[in-house]
Amino acid sequence: MPIYEYDCATCGEAFELLILRDERPVCPACESADVTRKLSLPRPKTAKTHGKAMRAAKKRDRRMNAEQTRERIEYEEAHDD
Ligand SMILES: [Zn+2]
């Protein structure tokens, strides 16, 4: 669920809102619906996402290594007279 930042055009309040589907943002200070969504989010999300992607890649590599090891053992066992 996305959290957006808004500026209230009526009172100038800046606030963050978690917007559910079809929900209209309203200023928490003056309850005006005349709010503008900010485009940029100053959140360090990329580092977090990057770390998650790296962990997923490492997990995949570990799995692939395990499969390769198993295949090699099976190959060696099959060819071990
Ligand atoms: Zn307001």
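Please read these numbers as outputs of a predicted model, since none were measured by experiment.

Draft legend 1. Just the coordination of the zinc ion, in detail. Note on the zinc ion: its protein donors are Cys 8 (SG), Cys 11 (SG), Cys 27 (SG) and Cys 30 (SG). The metal-donor distances range over 2.3 Å. One can describe the donor arrangement at the zinc ion as tetrahedral, given that its 4 donor atoms subtend angles of 105 to 114° at the metal. Expressed as a motif, the donor residue spacing for the zinc ion is C-x2-C-x15-C-x2-C. Within this pair, whereas Cys 11 is found in the loop between β1 (3-8) and β2 (14-18), its partner Cys 30 is found in the loop between β2 and β3 (35-37), the two being separated by 19 residues in sequence. Judged by its relative accessible area of 40%, Cys 11 is partly exposed.

Draft legend 2. Structural context of the side chain of Ser 32. Considering the arrangement of structural elements, one finds Ser 32 in the loop between β2 and β3. Overall, Ser 32 belongs to the buried group, its relative accessible area being 12%. Contacts of Ser 32, omitting those with residues within four sequence positions, involve Cys 8, Thr 10, Pro 25, Val 26 and Cys 27.

Draft legend 3. Structural detail: unusual backbone geometry. Backbone geometry places Glu 31, a non-glycine residue, at a positive phi of 65°. Looking at the element boundaries, Glu 31 is found in the loop between β2 and β3. For Glu 31, a relative accessible area of 65% puts it in the exposed group.

Draft legend 4. Up close: the packing of aromatic side chains. The full count for this structure, using the stated rule, is 2 aromatic pairs. Consider the rings of Tyr 4 and Tyr 6, whose centres lie 6.4 Å apart with planes at 85°: the pair is edge-to-face. For Tyr 6, a relative accessible area of 4% puts it in the buried group. Seen in terms of ring centroids, Tyr 6 and Phe 15 are 5.6 Å apart; in terms of plane orientation they differ by 20°. Their pairing is stacked. A residue is classified by how much of its surface remains accessible, and Phe 15, at 7% relative accessible area, is buried. What links up through ring pairs into an aromatic cluster is the set Tyr 4, Tyr 6 and Phe 15.

Quick notes on the rules
- Residues numbered from 1 in each chain as written.
- Predicted model: local features only at pLDDT ≥ 70, side-chain atom pairs only at ≥ 80, totals over all residues.
- Heavy atoms only, no water.
- Donors = N, O, S within 2.8 Å, 3.2 Å for Na, K, Ca; no water.
- Tetrahedral: all angles 85-135°; square planar, octahedral: opposite > 155°, others 65-115°.
- Helix = DSSP H or I, 4+ residues; strand = E, 2+ residues; numbered from the N terminus.
- Buried < 20%, exposed > 50% of the residue type's maximum accessible area, 1.4 Å probe, protein only.
- Contact = heavy atoms within 4.5 Å.
- Phe/Tyr/Trp six-rings, centres within 6.5 Å; stacked < 30°, edge-to-face > 60°.

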